[in-house]
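Remarks on the overall topology
The chain contents come next:
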Amino acid sequence: MDLLRFITAGSVDDGKSTLIGRLLYDSKSVFQDQLEAIERTGQVNGQINLALLTDGLKAEREQGITIDVAYKYFSTPKRKFIIADAPGHIQYTRNMVTGASNSELAIILIDARKGVIEQTYRHSYIASLLKIPHVVICVNKMDLVDFSKERFDEIVKDYKNFASDLEFKGLEFIPISALNGDNVVDTSPNMTWWKGKTLLGYLEDLEIEVDETKHEPRFPVQYVIRPQTEEHHDYRGYAGQVRSGVFKKGDDIVVLPSGLRSKIKSIHTYESEVEEAFAPMSVTILLEDEIDISRGDMIVTDKHQPTVSQDIEAELCWMDAKSLVPGNKYLLRQTTGSVKSAVKEISFRIDIQTHEKLESSQLALNEIGRIKIRTAKPIAFDSYSENRGTGSFVLVDEGTNNTVGAGMIVGAY
């Protein structure tokens, strides 16, 4: 069975955790002891509080909100799923970016009473920015608007007007009630006007194209294996995970950023030698020549090389209470490497609601903008739109070791 990773997002109290709890409960993915535990913890309107299946932190349960990203796993006879439940509060937007970075689909909840609001704009834009191809808009709490088709149609129209310039491959709308289970796993008898699929039916049938072997070959070196024993006296292997593409024994390769060239002598997994390695395999590559390679370098094939530059232009989601201003210096971590860097320019800040590009001298917490950054030494990268694995980075404050920004590379400038 294939695996679908998706994230749920939306504003506070839109019912994200309840929706995931409903998916787990109705798909029989909850263990009996878990069920008994949440039955003892509390109920909502005489029903089991399904949100407790994902909100595990004490502070989350006390406040009835989600603070950190909660990951849950479940499966049906058709497919396996990994769910990231993102917080709804604006101050936890950075957590949503973290959870969305590996997702192939985003479920954005809208409260049927409130309609499209600022957090809907924010989460939709982030989903578009992170190149999540498929988005499902779940109009939740339909039971509180008497299952009105007119209200559902109104929200669909409002959202489409807003999202017309967002680049989603697939956009779907489903009316649901997570608390009661309407159109989540089973078809709702209260919305006979709805002829589409249930949410689970859509998730099971969605065709996803996440074939990293279609991308150009990229192998960031994570560790140099040099045993220096009698048995392996001359052994020098380069271990890591294939981020994209396929590497084969005998391939001509280039090591970046140095530009040194060699040929693949052999490829090894933990168990045996293999003829080829493809994403996301973890392997050790041996080369025919003894050349200088260290952690953070990238092995690529001779024909399809990424950009190598010290000058990077990127979209950035700022995650720190202290604003980003030009001149600030950070540690830039990309693939397996770390390099000192300095922010040269903030080109513009993006208005989440209107998508306008606004002049700005700084980026405040949770704001998104375009920046230009210079690294202390050249790094190898692709644009984020071409390769999410090599086109993303984080900025780290060296003083506190906190991650303060998540970046998606546009290109060199």
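Residues numbered from 1 in each chain as written. Predicted model: local features only at pLDDT ≥ 70, side-chain atom pairs only at ≥ 80, totals over all residues. Heavy atoms only, no water.

Brief notes about the packing of aromatic side chains
- Applying the stated criterion across every chain yields a total of 9 aromatic pairs.
- Judged by centre distance (5.7 Å) and plane angle (40°), the rings of Phe152 and Trp193 are tilted. On the criterion of sequence distance, the pair formed by Phe152 in helix H6 (residues 149-162) and Trp193 in the loop between strand S8 (170-175) and helix H7 (199-205) is long-range, its members being 41 residues apart.
- Looking at Trp193, the relative accessible area reads 22%, which means it is partly exposed. (Phe/Tyr/Trp six-rings, centres within 6.5 Å; stacked < 30°, edge-to-face > 60°. Helix = DSSP H or I, 4+ residues; strand = E, 2+ residues; numbered from the N terminus. Buried < 20%, exposed > 50% of the residue type's maximum accessible area, 1.4 Å probe, protein only.)

Examining unusual backbone geometry
- Going from Leu256 to Pro257, the amide bond is cis rather than trans, its omega being 15°.
- Among the secondary structure elements, Pro257 is positioned in the loop between strand S13 (252-256) and strand S14 (260-268).
- The omega angle of the peptide bond from Ala279 to Pro280 is 5°, so this bond is cis rather than trans.
- Mapped onto the fold, Pro280 is located in the loop between strand S16 (276-278) and strand S17 (282-287).

Examining the side chain of Asn140
- Structurally, the position occupied by Asn140 is in strand S7 (residues 134-140).
- With relative accessibility at 3%, the residue Asn140 sits in the buried group.
- Beyond its immediate stretch of four places on either side in the chain, Asn140 contacts Asp14, Gly15, Leu109, Ile110, Asp111, Ala112, Ile176, Ser177 and Ala178. (Contact = heavy atoms within 4.5 Å.)

What about the environment of Lys80?
- If you trace the backbone, Lys80 turns up in strand S5 (residues 80-85).
- On the accessibility criterion, Lys80 (32% relative accessible area) is partly exposed.
- Taking the C-alpha atoms as reference, Lys80 lies 10.0 Å from Leu203; in sequence the two are 123 residues apart.

Some words on helix H1 (residues 16-26)
- Within H1, 10 of the 11 residues are buried, which leaves the element mostly enclosed by the surrounding structure.
- Of all the residues in H1, the buried ones are Lys16, Ser17, Thr18, Leu19, Ile20, Gly21, Arg22, Leu23, Leu24 and Asp26.
- Where H1 is buried, its residues touch strand S1 (3-10), strand S4 (70-75), S5, strand S6 (105-111) and H7.
- A positive phi of about 60° marks Lys28, the residue just after H1.

Some points on the pairing of strand S18 (residues 298-301)
- By the alternation rule, side chains of S18 split into Met298 and Val300 and Ile299 and Thr301, which are all buried.
- As paired strands, strand S9 (residues 218-220) and S18 are joined by 3 bridges and run antiparallel to one another. Bridge assignment links Phe219 to a residue of S18, and that residue is Ile299.
- Here S13 pairs with S18 via 4 bridges, running antiparallel. (Pairing = 2+ DSSP bridges.)

Considerations on the pairing of S17
- Burial runs high along S17: 5 of the 6 residues are buried.
- Sheet analysis places strand S11 (residues 237-241) next to S17, joined by 4 bridges and oriented antiparallel. In the strand pairing of S17, Gln241 is matched with Ser282.
- Alignment of S14 against S17, held across 4 bridges, turns out to be antiparallel. Paired with Ile267 across the bridge in S17 is Ile285.

Re the sheet that holds S5
- The mixed open sheet is built from 6 strands, whose spatial order is S4-S5-S1-S6-S7-S8. Whereas interior strands pair on both sides, the edge strands pair on one side only; in this sheet they are S4 and S8. Strand-to-strand twist in this sheet, taken as the mean axis angle between neighbours without regard to direction, amounts to 20°.
- One ladder, built from 6 bridges, connects S7 with S8; its direction is parallel. If you follow Val135 over to S8, its bridge partner there is Leu171.
- Contacting S1, S6 and S7, helix H5 (residues 118-129) crosses the sheet at an angle of about 170° to S6. (Axes fitted to C-alpha atoms, helices over the stretch in contact; angles between N-to-C directions.)

A look at the pattern of salt bridges
- Overall, the coordinates contain 21 salt bridges when judged by the stated rule.
- The salt bridge partner of Asp252 is Lys263, with a shortest N-O separation of 3.9 Å. Within this pair, whereas Asp252 is found in strand S13, its partner Lys263 is found in strand S14, the two being separated by 11 residues in sequence.
- For Lys263, a relative accessible area of 30% puts it in the partly exposed group.
- Note that Arg370 and Glu315 form a salt bridge whose closest N and O atoms lie 3.1 Å from each other. Linking Arg370 in strand S23 (residues 368-381) with Glu315 in strand S19 (residues 307-318), this pair joins segments that are 55 residues apart in sequence.
- Taken together, the shared-partner salt bridges connect Lys78, Lys197 and Asp205 into one network. (Salt bridge = Lys/Arg side-chain N within 4 Å of Asp/Glu carboxyl O.)

Focus on the nonpolar core
- Counting 69 residues, the largest nonpolar core has Phe6, Leu23, Leu105, Ile107, Tyr159, Leu199 and Leu203 as its most contacted members.
- For this core, the leading source of residues is S6, giving 6 residues.
- If we ignore the near neighbours within four places in the chain, the residues touching Leu23 are Phe6, Phe74, Val184, Val185, Leu199, Leu200 and Leu203. (Core = buried A, V, L, I, M, F, W, Y, C linked by side-chain atoms within 4.5 Å.)

A closer look at the side chain of Asp111
- Structurally, Asp111 is set in strand S6.
- Residue classification places Asp111 among the buried residues on the basis of a relative accessible area of 1%.
- Leaving out residues up to four positions away in the same chain, Asp111 has contacts with Asp13, Asp14, Asn140, Lys141 and Ile155.

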